[in-house]
Amino acid sequence: MRRYGPAVLLLLTGAAILRISLFSELYLRYVQAGLRPYLVVSGCLLVLLAVAAAVVGRPEQEPHAEQRQHAEHGEHAGRDQQREYGEHGESGDYSHAHDQHGGHHSPRVAWLLTLPALALLLFPPPALGSYSAEREAAQRAAQGVGAFPALAAGDPVELTVAEFSSRAIYDSGRSLAGRTVRLTGFVTRDDDGTWYVTRLFVACCAADATTGKVEIRGADAPPVDAWVTVTGTWHPKGALGTDAAWPPVLGATSVRRIAQPANPYEKR
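Along each chain, residue indices are assigned from 1 in the same order as the chain's sequence is written. In view of the model being predicted, local features appear only for residues whose pLDDT reaches at least 70, and side-chain atom pairs are presented and counted only at 80 or more, with totals across whole chains, interfaces and linings using the full set of residues. Side-chain calculation: all heavy atoms of the structure are included, whereas hydrogens and water are not.

A. How the structure looks around the packing of aromatic side chains. A pair of Phe, Tyr and Trp rings is counted when the ring centres sit within 6.5 Å of each other, with Trp represented by its six-membered ring. The angle between the planes then sorts it: under 30 degrees is stacked, over 60 is edge-to-face, the rest tilted. All chains considered together, the criterion is met by 1 aromatic pair. By definition, being over a ring means that NZ of Lys or CZ of Arg is both within 6 Å of the ring centre and within 35 degrees of the ring normal. The ring of tyrosine 196 carries lysine 213 above its face, with NZ or CZ at 4.2 Å from the centroid.

Have a look at this one:
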């Protein structure tokens with residue numbers, strides 16, 4: 001571990017980063033798509049550093065003749081020192097030799113340091129889900145009530161959870177009225193059985209995620225954390241721009257289970 005441990009850790013970490021960023025789209029669980037090049041470069045650099053560390057840590061082989069010369073020199077020096085110091089010197093040599101040999105070995109348990117890097121390589125953590133959403137309070141950016149641009153023609157109109165929520169809570173023009181919309185997200189549920197289509201919004205990475213959700217009425221709740229596409233119409237609720245208007249409500253006409261998208265977050 002003393003010689004090759006750092007190289008192994010660097011290699012495993014670099015390989016894990018390359019696995020999620022270069023050879024798959026798993027990185028989208030943690031960061032925005034625009035950060036992919038930086039992840040790939042970082043992974044490559046870590047692998048190169050691992051190779052360099054392994055080469056530098058490799059023991060150098062001495063010529064046989066030089067090894068014999070060193071051995072003979074050490075033998076003569078040991079005899080001279082033994083004659084000069086007697087038992088005391090012998091004890092000191094033993095202690096010194098023990099220190100020399102003992103200093104080159106690290107505890108085998110130190111290899112356990114590779115387990116986190118190995119786990120990251122083999123079992124990448126999932127994207128944030130309902131647990132993270134439930135911890136997020138009803139926090140919304142300060143936004144004044146006003147008219148929003150008209151929605152695209154044709155029904156149903158595809159909206160993000162953030163777009164639907166903003167229009168439902170702040171749009172004085174009531175652009176959602178009478179329109180059929182389609183939302184996609186994962187399922188969260190309250191203790192009383194109320195369920196929501198939920199998305200996590202990120203500006204940079206999963207660490208700064210905030211939550212948006214839309215209450216769904218008129219349909220049975222799928223399992224928590226299941227991904228769904230819900231089609232329906234907006235049900236006005238509360239006064240615009242107040243807490244009473246949040247979370248917005250969608251009356252469902254259809255609920256369809258889908259696979260988790262490659263990018264599970266909405267950009268904030």
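After presenting the structure, the write-up continues.
B. Region of the structure containing the side chain of arginine 179. Each helix corresponds to a stretch of at least 4 residues labelled H or I by DSSP, and each strand to a stretch of at least 2 residues labelled E; elements are numbered beginning at the N terminus. Relative to the elements of secondary structure, arginine 179 occurs in the loop between helix H6 (161-170) and strand S2 (180-189). We call a residue buried when its accessible area falls under 20% of the maximum for its residue type, exposed when it is over 50%, and partly exposed in between, using a 1.4 Å probe and counting protein chains only. When its relative accessible area of 17% is taken as the criterion, arginine 179 is described as buried. Polar side-chain contacts of arginine 179 include one of 2.9 Å to the side chain of aspartate 155. In protein, a polar contact requires one atom able to donate a hydrogen and another able to accept it; more generally it is a pair of N or O atoms within 3.5 Å, and residues adjacent in sequence count only if both atoms are side-chain atoms.

C. Structural detail: the pattern of salt bridges. Take a side-chain nitrogen of Lys or Arg and a carboxyl oxygen of Asp or Glu: if they are within 4 Å of each other, that pair is a salt bridge. If you walk through the whole model with that rule in mind, you get 5 salt bridges. Across the pair glutamate 266 and arginine 199 runs a salt bridge, and its minimum N-O distance is 3.9 Å. In this pair, glutamate 266 is assigned in strand S7 (residues 265-267) and arginine 199 in strand S3 (residues 195-202), connecting sequence segments 67 residues apart. Take arginine 199: its relative accessible area is 9%, and that puts it in the buried class. Across the pair arginine 217 and glutamate 215 runs a salt bridge, and its minimum N-O distance is 2.9 Å. Salt bridges here are not isolated pairs; linked through shared partners, they connect Glu215, Arg217 and Lys237.

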